[in-house]
Structures are given as structure tokens and as C-alpha cells.
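The residues making up each chain are set out below.
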Amino acid sequence: MTDKRRVTMIGLGVMGGPIARHIGHAGHDLTIYNRTPARVEKWLADNPLLSPRVATSPADGASDADVVITCVGDDDDLSDVVLGPQGVFTRLRRGGVFIDHTTVSARIARQVAVEARDKQVHCVDAPMTGSQIGAENGTLTLMCGGRPDAIEAARPVMEAYSQRIVHIGKAGAGQSTKAVNQICIAGVVAGLAEAVRFAQAAHLDMAKVYEAISGGAAQSWEMDNRWQTMANDQFDFGFAVDWMRKDLGLAMDEGRSLGVSLPITALVNQFYAEVQALGAGRQDTSALVRRLPRKGGK
């Protein structure tokens, strides 16, 4: 490896954990931090070939880093770990690189970018698509906002866990693009859920139906990866309903600020609220099909 960096990963959840693993295996000097110590212990047990430094706080993680990456929960979490009294920006050196993979509002992304500029830190908002599978396989797509020089400074590390890095535009543009992504997915999953229940009620062979329609205009990533599992009522994987509702809320908030109507997104968000009421908030977004009664079939 020719471009070895000191990289700190903050947030070791279903996306951040695999990202940290790829960074370590790429040969970078890795430091990890998670606000829940048990998650750090689990990560270390799951990755015995790696021996990262374990930071005691975000500030400690940033103290000797060239690059700091965050993948946390929401706007408040990001503000705390980056801008708080023990946050990354209290220690990250001038000329360092900050990359955020959390799905948050474009507003907080722009706020963080302003703080980074004042500290002469390269800053990239880079929400992801590709789901947990993409994180595990290192094949994520990153939609990036920030200055061109910041993107290029971050690229050598981001290439360790992604197959596509797209610079969308200025700070916040990555987060706005993630909203576009989630708006698209919400409509597709809602349609797919209805299609699955329709096919079951018609007593069709689900495998044959998939074979027939997946090569045409109806094809989608969701169909390829969730058609059969939805039919089998399997939802213990992937991107959780709770997180989708958070993301759709962000999209609708930004839509209101832009004067854009999102009626389908709002309707699907209500459908997901029904799924949460069933106690399925931690299940995959394809659990949307659970709100539709099953009428026989194979």
C-alpha cells in the first residue's frame, strides 16, 4: 500500500463496523471508537486479525489522525461527536480529513462544513447506498458533498470500502442526494409489497413470477434481493424500518423547505408507522409487506 493513513472510525454499527474492517485490512493505521463500549468489544472479538487503537472519546480518536470517519445515528449524534466539547473538531489537525457517512439533514452537513472550513479541515458529507451487504463486501456507493480538493483527499481511504464514489456538488449535496435515494426506494418497496401479496393471493408460483418479470421494466435491486424473502416473511437483515422512517422524515423536511410536494413519500412513511406499531421497527424495510393481509397462495 502506497498511501497509508492514520484513520479513526467513529461508530461501529451494521455499516460502520464493516467499514472499519475494510480500512484495517487495507493497511491503514486504524483507531476505533463507539459510545457503547460493548460494541467495541464485539468488534474486536469479530476481527481478531486487527489490533486497532481504541480511543476513549471522539476527541482522543482525532488527536493523532489524518482522517476521521463518522457513521452514527442522527443530527444530534453527529453534532455531539463532531462539534461537542469532546468532539472531533477539538483535536483534528489542520489539513486533516473529516468524512461523515451518517444519513443526516443537509442543514447539519452544511453547518459541519462551515466549522471545518474555519479549522482548515477537509470535509465530506458522504451518505451511502448499498445496504449492509454492500458494507460487508466493500461495494458501497458514496454520494459526496464538499469541495473537490476535500473529495480527492478523502478518496484513497473511501476506496477501501466502496466501488463507486460520486462527487455530487457542494457541502450538503450528498445528503440531499441520499434523500432522493430514499424517496425512490420507498415507492419501490411499497409497490413490491403489494405485488408480492397480489401474486400470493392469485396462487402463483412465486419463483416463476420472479423469473418472468425480473428481466423487464419491473426489475429493481429490491426485487432481486427481497422478492423471495418477502414472500417467506423473512425480515431479519438489511436496513431497519426505524432508520427508513428517520430518513423519510429528513426527506420530507427538506422537501417542505424547498417547496416540493412528496405525497407518495408521505403515504409510505405512514405505512412504515403502521409496521412500527406491529413491533417491527428493527426489521428490514421489506417488512412493509407485513401491513398487508396474506390471502393464501404458495
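A brief look at the structure comes next. (Residues numbered from 1 in each chain as written. Predicted model: local features only at pLDDT ≥ 70, side-chain atom pairs only at ≥ 80, totals over all residues. Heavy atoms only, no water.)

### Side note on the overall build of the protein chain
- Counting its regular elements, the protein chain contains twelve helices and nine strands.
- The C-alpha radius of gyration of the protein chain comes to 20 Å, within 12% of the 19 Å expected for a compact globule of 298 residues.
- The principal-axis extents of the C-alpha atoms in the protein chain amount to approximately 65 × 50 × 35 Å.
- Scored against the burial criterion, the 298 residues of the protein chain give a buried share of 51%. (Helix = DSSP H or I, 4+ residues; strand = E, 2+ residues; numbered from the N terminus. Rg over C-alpha atoms; globule rule 2.2 N^0.38 Å. Buried < 20%, exposed > 50% of the residue type's maximum accessible area, 1.4 Å probe, protein only.)

### Topic: unusual backbone geometry
- For Gln 120, which is not glycine, the phi torsion reads 55° and is therefore positive.
- Within the secondary structure, Gln 120 is located in the loop between helix H5 (106-118) and strand E6 (122-125).

### Remarks on the nonpolar core
- Of all hydrophobic cores here, the largest spans 32 residues; its most connected members are Met 9, Ile 23, Ile 69, Met 158 and Tyr 161.
- For this core, the elements supplying multiple residues, two or more each, are strand E1 (6-10), helix H1 (16-25), strand E2 (29-33), helix H2 (37-46), strand E4 (67-70), strand E5 (97-100), strand E8 (140-145) and helix H7 (148-158).
- A total of six residues in this core trace back to one element, the largest contributor, which is H7.
- Residues contacting Ile 69, with those up to four places away along its chain left out, are Val 7, Thr 8, Met 9, Ile 10, Ile 23, Ile 99, His 101, Val 157 and Tyr 161.
- With 27 residues, the next largest nonpolar core counts Ile 185, Leu 192, Tyr 272 and Val 275 among its residues. (Core = buried A, V, L, I, M, F, W, Y, C linked by side-chain atoms within 4.5 Å. Contact = heavy atoms within 4.5 Å.)

### Regarding the environment of Pro 263
- Structurally, Pro 263 can be placed in helix H12 (residues 263-277).
- Sequence-wise, Pro 263 and Met 252 are eleven residues apart; in three dimensions their C-alpha atoms are separated by 9.4 Å.

### A few points about helix H11 (residues 241-258)
- Between its first and last C-alpha, H11 extends 25 Å over 18 residues, near the 26 Å set by a 1.5 Å rise per residue.
- Looking at H11, one finds that the buried residues are Val 241, Met 244, Asp 247, Leu 248, Leu 250, Ala 251, Met 252, Glu 254 and Gly 255.
- Each element contacted by the buried residues of H11 is listed here: helix H4 (75-83), H5, helix H8 (173-201) and H12.
- Remark: Gly 259 follows H11 within two positions and exhibits a positive phi of approximately 75°. (Expected span 1.5 Å × (residues − 1).)

### Considerations on the side chain of Thr 229
- Residue placement: Thr 229 occurs in helix H10 (residues 221-231).
- A relative accessible area of 16% means that Thr 229 is categorised as buried.
- Among the polar contacts listed, one links the side chain of Thr 229 to the backbone oxygen of Arg 226, at a separation of 3.2 Å.
- Once you skip the residues sitting within four places of it in the chain, Thr 229 turns out to touch Gln 234 and Phe 237. (Polar contact = N/O pair within 3.5 Å; in protein donor to acceptor, adjacent residues only side chain to side chain.)

### Examining the environment of His 22
- Note that His 22 resides in helix H1.
- A relative accessible area of 14% means that His 22 is categorised as buried.
- Between the C-alpha atoms of His 22 and Tyr 161, which are 139 residues apart in sequence, the distance is 5.8 Å.
- Among all residues touching His 22, those that are not within four sequence positions of it are Ala 135, Glu 136, Asn 137, Gly 138, Ala 160 and Tyr 161.

### Considerations on the pattern of salt bridges
- Scanning all chains against the criterion turns up 21 salt bridges.
- Salt bridges linked by common partners bring Arg 6, Asp 66 and Arg 93 together as one network. (Salt bridge = Lys/Arg side-chain N within 4 Å of Asp/Glu carboxyl O.)

### Some details on the pairing of E1
- For E1, the tally of buried residues reaches four of five residues, placing the bulk of the element in the interior.
- By the bridge criterion, five bridges tie E1 to E2 in an arrangement that is parallel. Residue pairing across strands places Val 7 opposite Leu 30, the latter belonging to E2.
- Handedness of the crossover is the feature at issue here: the chain leaves E1, passes through H1, returns alongside E2, and the resulting connection is right-handed.
- Pairing analysis gives four bridges linking E1 to E4, with the strands arranged parallel. Each residue of the ladder has a partner; that of Met 9, found in E4, is Ile 69. (Pairing = 2+ DSSP bridges. Right-handed = clockwise from strand over helix to strand, strands pointing away.)

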